[in-house]
Amino acid sequence: MKALVVGGGIAGPAAALALQQAGIEPVVLEAWPRSDGEAGSWFTLASNGLHALDLLGARHLVAPIGFPSERNVMVGATGRVLGTMSLGVPLDDGTVAVTMKRSRLAAALLDEAGRRGIDVRHDSRVVHVASRPDGVTVTLEDGSTLEGDLLVGADGVRSLVRRTIHPEAAPARYVGLTNFGGITEATSIAGALPAREWHFVFGSRAFFGAHPTPDGDVVWFVNVPGPAITPAERAARTPEQWRDHLEGLLAADAGPAADLVRSGRLELWADNTQDLPRVARWHRDRMVVIGDAAHAPSPSSGQGAALALEDAVVLATCLRDAGTVEEALTAYDTARRARVERIVAAGARSSSSKIPGRAGRAVRDAMMRLVFRFVVTERSSAWITGHRVRWEPGEQTAEESALPSGA
Ligand SMILES: Cc1cc2nc3c(=O)[nH]c(=O)nc-3n(C[C@H](O)[C@H](O)[C@H](O)COP(=O)(O)OP(=O)(O)OC[C@H]3O[C@@H](n4cnc5c(N)ncnc54)[C@H](O)[C@@H]3O)c2cc1C
């Protein structure tokens, strides 16, 4: 069976590795030219995603491009600690999570697919999909066409494949935060921040996150509440002017946020944060969507890439084990839907908590301390990162198989 995989982000190449492992021949079609891996934002891959990479024999790819992360420490605008929390249920070797650039992981996965003999095509934007009960034909931007027995839409939150499967599905929604990300290189502040920790500030005007790297840099992001930024508004300021704007928003908060932004460089700016809560149909005929194309949690969940990797494994095992493609795609939907929709909902709550309400700083801090003590705890969140998808034959369920006892 030949599978056309649309998208060379995280889900696409991971699906290609998984499909090949299941005896299916994948072709990856990515719209953009081969990337140098340096564009865009940093993210943290939780242990459930690392486990999925393990099942694909691809976890070794993350060590050279990332660094270990273990905890989140949340502080208020005054610098007072509101809570600390592990980044999740560790793998058997103790690894909790790894922070890296999204684009570096995508490039590493695509390179690995190429090394395994998978046909990876860059500069191959799919502009049309024609579906038949027994196969698909895609048309690329240059007018050429390709035939496949199966189409895997791993084409991200604005997915063309999703619109083809389910034209009425609501598009992604803005979650009320604009996102900025950057790096401050060779800074003494790196030594002042605890290693392997995200330092989060529920600031008076913006939410801030920073993580020191083993090289003495600090990577950081700022989430600014407010209306979505239009393309014209984005273009009206240079990155340096956006950086000055952010520094102003952070100036009143205790801690290193404003200093880091002032002495750093923006790598991502004025990005409207979105999520995609529920798409009623993930598959039709021989087409299916995975990753952000099917269910994009807000970045605040820290789970989008991990879920995309889980999807890749589950889809391939369903195709390997089911009698027909239709049965496989139904089994994939059944195995994944409840879990991912619950995580998207948790991500939306997490995004809302970053938007300061009318309560004063002291009241908000007191409320957040209670939330991190009783509501959002390591124990209550263990079902998210403690989940372990399986490669062995058998039903894929949403059971929280790797939870610590009693969780
Ligand atoms: C700021 C930010 C922070 C985040 N932080 C985290 C985090 O800490 N942890 C985490 O797990 N996740 C995080 N995420 C989410 C994570 O980045 C996404 O969930 C993940 O990238 C989804 O992978 P994907 O392959 O489904 O989609 P994408 O990564 O969006 O890849 C889709 C690919 O499809 C290609 N494509 C699109 N249309 C076509 C077409 N028509 N033809 C051919 N190719 C096409 C695109 O060029 C792209 O390469 C974050 C996201 C953002 C924005």
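Residues numbered from 1 in each chain as written. Predicted model: local features only at pLDDT ≥ 70, side-chain atom pairs only at ≥ 80, totals over all residues. Heavy atoms only, no water.

(A) Summary view of the overall build of the chain. Within the chain, the secondary structure is distributed over 12 helices and 19 strands. Referenced to the eigenvectors of the C-alpha coordinate spread, the extents of the chain come out at roughly 60 × 55 × 40 Å. In the chain, which comprises 407 residues, the share counted as buried stands at 54%. Within the chain, residue pairs in contact and separated by at least 24 positions form 73% of the contacts whose partners lie at least 6 positions apart. For the chain, the separation between the mean place of its 43 positive charges and that of its 47 negative charges on side chains is 6 Å. (Helix = DSSP H or I, 4+ residues; strand = E, 2+ residues; numbered from the N terminus. Buried < 20%, exposed > 50% of the residue type's maximum accessible area, 1.4 Å probe, protein only. Contact = heavy atoms within 4.5 Å. Lys, Arg positive; Asp, Glu negative; His and termini not counted. Charge placed at Lys NZ, Arg CZ, Asp CG, Glu CD.)

(B) Structural view of the site of the ligand. Every one of the 29 residues lining the ligand counts as a neighbour, but Ala 11, Glu 30, Arg 102, Asn 179 and Asp 292 are closest to it. Ala 31 is positioned with one of its backbone polar atoms (N or O) 3.1 Å from a nitrogen atom of the ligand. One nitrogen or oxygen atom from the side chain of Asp 292 is found 2.8 Å from an oxygen atom belonging to the ligand. When isolated, the ligand has an accessible area of 990 Å², and the protein chains bury 84% of it. Looking at the shell around the ligand, the element that brings in the most residues is helix 9 (residues 304-321), giving 3 residues. Partitioned by chemical class, the residues of the shell around the ligand number 12 nonpolar, 12 polar and 5 charged. (Near = heavy atom within 4 Å. Polar contact = N/O pair within 3.5 Å; in protein donor to acceptor, adjacent residues only side chain to side chain. Areas by Shrake-Rupley, 256 points an atom, 1.4 Å probe, with all protein chains shown as cover. Nonpolar A, V, L, I, M, F, W, Y, C, P; charged D, E, K, R; others polar.)

(C) Main features of the side chain of Asp 333. Inspection of the secondary structure assignment puts Asp 333 in helix 10 (residues 325-353). Judged by its relative accessible area of 14%, Asp 333 is buried. Side-chain polar atoms of Asp 333 contact the side chain of Arg 337, separated by 2.9 Å. Not counting residues within four places of it along the chain, the set of residues in contact with Asp 333 comprises Trp 282 and His 283.

(D) Looking closely at the pattern of salt bridges. Enumeration over the complete set of coordinates arrives at 25 salt bridges. Between Glu 112 and Arg 115 there is a salt bridge, with its nearest N and O atoms 2.7 Å apart. With Glu 112 and Arg 115 both in helix 3 (residues 102-115) and 3 residues apart, this pair spans about one turn of that helix. Notably, a salt bridge pairs Glu 147 with Arg 132, separated by 3.6 Å at the nearest N-O pair. Note that Glu 147 is positioned in strand 11 (residues 145-148) and Arg 132 in strand 9 (residues 126-132), a separation of 15 residues in sequence. For Arg 132, a relative accessible area of 30% corresponds to the partly exposed category. Connected through shared salt-bridge partners, Lys 101, Glu 185, Arg 265 and Glu 267 make up one network. (Salt bridge = Lys/Arg side-chain N within 4 Å of Asp/Glu carboxyl O.)

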